[in-house]
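# Remarks on the overall topology
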Amino acid sequence: MANSKYEYVRQFETHDVLLPDTYIVVRIDGKKFHEFSKFYDFAKPNDERALKLMNASAKNVVLKYKSDMILAFGESDEYSFILRKDTKLFNRRSDKIASLFVSLFTSNYVALWSKFFTDRPLDLKHLPYFDSRCVLYPSLAIVKDYLSWRFVDTHINNLYNTAFWQLVLKCGMTPQESENRLSGTVSSEKQEILFSDCGINYNNEPEMFKKGSLVTNKGSIIHVDIIKEIDQLFEGY
Ligand SMILES: Nc1nc2c(ncn2[C@@H]2O[C@H](COP(=O)(O)OP(=O)(O)OP(=O)(O)O)[C@@H](O)[C@H]2O)c(=O)[nH]1
Ligand SMILES: [Mg+2]
């Protein structure tokens with residue numbers, strides 16, 4: 001197309017190119033999923049259908065960009081996609097990567113919804129949407145700490161939420177009473193409360209709830225102890 005006198009406005013576009021030779025993590029997070037999960041009556045604290053839908057959507061993102069991907073990890077309404085430090089994807093433009101990942105994820109989430117929520121169609125006034133950001137990590141050691149952070153977060157949140165909701169749903173406590181019961185307790189005490197008050201052995205809870213979900217760059221979805229496996233997961237990167 002011929003240049004027009006308006007062409008100069010292009011100069012105002014900035015391209016935020018991510019530093020070379022640096023690991024890129026794209027993290028997406030459900031917007032207002034507290035409300036969204038309430039509207040669609042997600043099971044508390046973990047809805048298996050919702051988590052599997054997140055995993056299936058993430059798997060399709062991983063497979064689309066598998067040669068650039070090391071792995072992805074998800075819990076609750078969030079997913080992190082960890083890219084190779086030498087990726088040249090979209091010339092390492094941050095806006096492109098963040099926006100394409102989150103729109104591909106969201107379109108998959110919507111398209112696959114009915115496969116997991118078989119008797120609850122999506123309501124046009126309550127559609128899912130996600131935010132997205134690219135974060136750079138300069139060394140493999142820090143990338144490992146990043147993944148370990150998300151894994152430990154999964155564990156801490158899940159233990160608290162499991163104990164909190166079991167005390168409410170099984171023991172008939174009010175949310176305030178349940179919060180008071182758990183206030184100031186460490187992990188082992190929460191597990192003990194779960195066992196003594198609710199008859200639940202935390203070790204027997206589903207692996208996906210306790211450990212989150214990891215998508216390998218071949219598209220397998222696994223639930224592993226990230227801290228134990230951390231070096232193996234990043235071997236060769
Ligand atoms: N019941 C239920 N709720 C879930 C599940 N997964 C995610 N959620 C909800 O999603 C929220 C995710 O946390 P946040 O991302 O901090 O909250 P948010 O409402 O999405 O807020 P923003 O991300 O800031 O928009 C949780 O606090 C829960 O309320 C689930 O499996 N079951
Ligand atoms: Mg959220």
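Residues numbered from 1 in each chain as written. Chains lettered and ligands numbered in written order. Predicted model: local features only at pLDDT ≥ 70, side-chain atom pairs only at ≥ 80, totals over all residues. Heavy atoms only, no water.

- With an unreviewed UniProt entry as reference, the protein is termed tRNA(His) guanylyltransferase, source organism Maudiozyma exigua.
- In its Catalytic activity (unreviewed entry) section, UniProt records this for the protein: "a 5'-end ribonucleotide-tRNA(His) + GTP + ATP + H2O = a 5'-end phospho-guanosine-ribonucleotide-tRNA(His) + AMP + 2 diphosphate + H(+)".
- Listed under Sequence similarities (unreviewed entry) in UniProt, the entry text for the protein is "Belongs to the tRNA(His) guanylyltransferase family." (UniProt positions renumbered as here; feature names shortened; annotations may be inferred.)

## Points about the coordination of the magnesium ion (ligand 2)
- Listed as protein donors to the magnesium ion (ligand 2) are D29 (OD), G30 (O) and D77 (OD); their distances from the metal cover 2.1 Å.
- Seen from the magnesium ion (ligand 2), its six donor atoms lie at angles of 82 to 177°, and the figure they make is octahedral.
- Sequence positions of the residues that donate to the magnesium ion (ligand 2) give the spacing D-G-x46-D. (Donors = N, O, S within 2.8 Å, 3.2 Å for Na, K, Ca; no water. Tetrahedral: all angles 85-135°; square planar, octahedral: opposite > 155°, others 65-115°.)

## Some points on the UniProt feature "domain: Thg1 C-terminal" (unreviewed entry) in the protein
- In the UniProt entry, the feature "domain: Thg1 C-terminal" (unreviewed entry) is given for residues 142–218.
- Overall, residues 142–218 shows 69% helix and 5% strand. The separation of its end C-alpha atoms is 23 Å. (Helix = DSSP H or I, 4+ residues; strand = E, 2+ residues; numbered from the N terminus.)

## So, the nonpolar core
- Counting residues in each nonpolar core, the largest one holds 35 residues, and the members touching the most others are Y79, F81, F101, F105 and Y109.
- When contributions to this core are tallied by element, the ones reaching two or more residues are β1 (23–30), α1 (33–39), α2 (48–64), β2 (69–75), β3 (78–83), α3 (94–116) and β4 (130–137).
- Counting residues per element, this core draws most heavily on α3, which supplies nine residues.
- The contact partners of Y79, leaving out residues within four places of it in the chain, are V26, R27, I28, M54, N55, A58, A72, F73, G74, F105, S213 and V215.
- Among the nonpolar cores identified, the runner-up in size contains 17 residues, and V25, F73, Y146 and L214 belong to it. (Core = buried A, V, L, I, M, F, W, Y, C linked by side-chain atoms within 4.5 Å. Buried < 20%, exposed > 50% of the residue type's maximum accessible area, 1.4 Å probe, protein only. Contact = heavy atoms within 4.5 Å.)

## Regarding the environment of Q11
- Position of Q11 among the secondary structure elements: in the segment before β1.
- As for Q11 and F33, which are separated by 22 residues in sequence, their C-alpha atoms are 38 Å apart.

## What to know about the sheet that holds β3
- An order of β4-β1-β3-β2-β5-β6 is seen for the six strands of this open sheet, with the pairing classed as antiparallel. What marks the edges here is a single partner per strand, and that holds for β4 and β6 (221–222).
- Pairing between β2 and β3: six bridges, direction antiparallel. In the strand pairing of β3, E75 is matched with E78.
- Taken strand by strand, helix α4 (residues 140–169) contacts β1, β2, β3 and β4, and its axis lies near 20° from that of β2. (Pairing = 2+ DSSP bridges. Axes fitted to C-alpha atoms, helices over the stretch in contact; angles between N-to-C directions.)

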